[in-house]
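Chain and residue survey
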Amino acid sequence: MTTAPMNPLAGPAGPGKYSTRTDNLDMGSIAYGEGVETAAIKAGAPLAKEGAVRGMPASEVRAAVQGPVTELYAETQRPNEAISSGIDIGPGVGSSALMMQKNSIKLSSSLEQLLPYDTTGEIAVLYQEALAQGN
């Protein structure tokens, strides 16, 4: 294994035995004192040991993040919660339970900003309709 810097124009070599290690290259010229600085940077934090690092299969990552997946036609897990919970129609809590900010910008205001760029007249029609509906 070489520790000489690789040619940045050449890029890393191919796969397998033709690959070039890039994790243990010398990153400075020792002749001009840069090697001391590089060694100090490397000594600043302990590097991970090779045996302590392992990948996780995708199934373990998924399970750790989201828990069990409920199947599409499974029985409800919240039988006492209204199906309309989270929306402003029907029984159950409204959208305020989602703790999201409502959009305070009117549609007509957004369309008005696009009018100078309207080359077909379609935005002007939408703007007029939004004004008529009070949006």
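All values reported here derive from a predicted model rather than from experimental measurement. (Residues numbered from 1 in each chain as written. Predicted model: local features only at pLDDT ≥ 70, side-chain atom pairs only at ≥ 80, totals over all residues. Heavy atoms only, no water.)

Below, the discussion takes up the overall build of the protein. Scanning the protein from N- to C-terminus turns up 4 helices and 0 strands. Starting at the N terminus and walking to the C terminus, you meet the elements of the protein as α-α-α-α. Per-residue burial for the protein yields a buried fraction of 8% across its 135 residues. Counting contacts in the protein only where the partners sit at least 6 residues apart, residues at least 24 apart contribute 7% of the total. Entry remark: accessible area of the protein is about 12,100 Å², with carbon and sulfur atoms responsible for 59%. (Helix = DSSP H or I, 4+ residues; strand = E, 2+ residues; numbered from the N terminus. Buried < 20%, exposed > 50% of the residue type's maximum accessible area, 1.4 Å probe, protein only. Contact = heavy atoms within 4.5 Å. Areas by Shrake-Rupley, 256 points an atom, 1.4 Å probe, with all protein chains shown as cover.)

Let us look at the pattern of salt bridges. Evaluation of the coordinates by the stated rule reveals 1 salt bridge. With a shortest N-O distance of 3.3 Å, arginine 78 and glutamate 81 are connected by a salt bridge. In this structure arginine 78 comes out as exposed when scored by relative accessible area, which is 56%. Exposure remark for glutamate 81: the relative accessible area of 39% places this residue in the partly exposed category. (Salt bridge = Lys/Arg side-chain N within 4 Å of Asp/Glu carboxyl O.)

Its 12 residues give helix α4 (residues 122-133) an end-to-end C-alpha distance of 17 Å, which sits within 8% of 16 Å, the value for a rise of 1.5 Å per residue. After α4 finishes, the residue glycine 134 shows a positive phi value of roughly 80 degrees. (Expected span 1.5 Å × (residues − 1).)

Once that is clear, we can look at the side chain of serine 84. Within the fold, serine 84 resides in the loop between α2 (58-66) and α3 (107-114). A residue is classified by how much of its surface remains accessible, and serine 84, at 9% relative accessible area, is buried. Those residues within four positions of serine 84 in sequence are excluded, and the remaining contacts are Ile89, Gly90, Pro91 and Val93.

Two elements in contact, α3 and α4, have axes separated by 9 Å at closest approach and are oriented at 155 degrees. When the axis of α3 is compared with that of α4, the two are roughly antiparallel. In this structure, the crossing between α3 and α4 has a hand that is left-handed. Residues Leu107, Ser108, Leu111, Glu112 and Leu114 of α3 pack against Ile123, Leu126, Tyr127, Ala130 and Leu131 of α4. Taken together, the residues of the contact of α3 with α4 sort by class into 8 nonpolar, 1 polar and 1 charged. (Axes fitted to C-alpha atoms, helices over the stretch in contact; angles between N-to-C directions. Parallel < 35°, antiparallel > 145°, perpendicular 65-115°, else oblique. Left-handed = near helix turned anticlockwise from the far one by under 90°. Nonpolar A, V, L, I, M, F, W, Y, C, P; charged D, E, K, R; others polar.)

Its place among the elements puts serine 108 in helix α3. For serine 108, a relative accessible area of 7% corresponds to the buried category. Other than its neighbours up to four places away in sequence, serine 108 contacts Tyr127, Ala130, Leu131 and Asn135.

On to a nonpolar patch on the surface, then. A surface patch of nonpolar side chains, amounting to about 290 Å² of accessible area, comprises Met56, Val61 and Val65. Inspection of the secondary structure assignment puts valine 65 in helix α2. (Patch = residues over 30% accessible without salt bridge, like charges linked within 9 Å, V, L, I, M, F, W, Y side chains within 5 Å.)

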